[in-house]
Amino acid sequence: MDKSVLKGSILVALGACSYGMLTTFVKLAYEDGYTSHEVTFSQMALGLLGLLLINLFVRKKDNTVTGTSRNRSKLKLITAGTTLGLTSFFYYLAVKYIPVSIGIVMLMQSVWMGVVLEAIMKGKKPGTKKILAVIAILAGTLLATNVFKDSFEIDWRGIGWGVLAAMSYTGTIYCSNTVSLEMHSLKRSLWMMLGGFIVVSVITLPYLIVEFNTSIFLNWGLILALFGTILPPLLYTAGMPKIDVGLGAIISSIELPAAVLMAYFLLNEQVDLAQWLGIGLILLAVVQMNLKKSQHAKAKE
């Protein structure tokens, strides 16, 4: 493997692992008595501050036309960033009611939702491989959530919030790949984070005005911001240009096993064989969907 590709792969893998670790930290914050509103707000606020500082120190030029066009691009990114804020809010509510291992599986539904969204936006029916991948993901989800067990018990509030999180995440991925691409990725991350912060503030502030334990900023906010909103964009920005889109998507799916393993070791969440089979099936579907892209990119080189 080319050294540049290897370096890019490692950086993307580290970014995916950062996202995977995040949910366990959220659970630990809940155990310390913090609310979902405090957790989400502190992460978005410190994440925005972190990205602002990074953009101040790392000045990057982009190809954006000055004036009205630049402002329009910023406004688009801020609007698109609302999906980022909603993803965090919905996802953190989901893992309040369900285990991390099930929560991350629900978030991975964004893979097949992305296929549906792409078909709607492009007006093009997905190919056989994509349809088979969607079926595999849904089958893997049923296994991973232990639906077939006689002792199956789950809080459907968590599933509902998880589905909403996956829908928002699908929007985030779509916007990240389509909105204001002429701007540098660090700037795009900053403006999208601003949009996320605004929507999270609107949702959480009515609750935080009544009761807000500001110690969340030092105890968990810094960790959540680092692993959720600062490190991943930096690692992806550095790694993705060195590899192709298909390989990037495949490596990014490491987020799923990383989240499950973190929950297993730090939260003592038990994952049985059927669940691991379901997780494996989802990962296999992700690889199958993106392998062709990776091979096609290599053929062009």
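Residues numbered from 1 in each chain as written. Predicted model: local features only at pLDDT ≥ 70, side-chain atom pairs only at ≥ 80, totals over all residues. Heavy atoms only, no water.

1. Some words on the nonpolar core
Thought 1: With 35 residues, the main nonpolar core has Val39, Ile104, Trp220 and Leu256 as its most contacted residues.
Thought 2: Those elements that place two or more of their residues in this core are helix H1 (3–31), helix H3 (68–97), helix H4 (100–107), helix H9 (216–239), helix H11 (255–266) and helix H12 (273–300).
Thought 3: Excluding its chain neighbours within four sequence positions, the residues that come into contact with Val39 are Val26, Ala29, Tyr30, Tyr34, Tyr92, Ile216 and Leu224.
Thought 4: Counting 12 residues, the second largest nonpolar core, distinct from the first, contains Leu186, Met193, Ala225 and Ile230. (Core = buried A, V, L, I, M, F, W, Y, C linked by side-chain atoms within 4.5 Å. Buried < 20%, exposed > 50% of the residue type's maximum accessible area, 1.4 Å probe, protein only. Helix = DSSP H or I, 4+ residues; strand = E, 2+ residues; numbered from the N terminus. Contact = heavy atoms within 4.5 Å.)

2. With respect to a nonpolar patch on the surface
Thought 1: Residues Leu49, Leu52, Leu53, Leu56, Phe57 and Val58 make up a contiguous nonpolar surface patch of about 570 Å² in total accessible area.
Thought 2: The residue Val58 is located in the loop between helix H2 (36–57) and H3 in this model. (Patch = residues over 30% accessible without salt bridge, like charges linked within 9 Å, V, L, I, M, F, W, Y side chains within 5 Å. Areas by Shrake-Rupley, 256 points an atom, 1.4 Å probe, with all protein chains shown as cover. Salt bridge = Lys/Arg side-chain N within 4 Å of Asp/Glu carboxyl O.)

3. Points about the environment of Ala285
Thought 1: Examined against the element boundaries, Ala285 turns out to sit in helix H12.
Thought 2: Sequence-distant contacts of Ala285, defined by excluding residues within four places in its chain, comprise Ala133, Ala136 and Ile137.

4. Here we look at unusual backbone geometry
Thought 1: Phi at Asn268 takes a positive value of approximately 60°, unusual for a residue other than glycine.
Thought 2: Summarising the element assignment, Asn268 is placed in the loop between H11 and H12.
Thought 3: What makes Asn268 exposed here is its relative accessible area of 57%.

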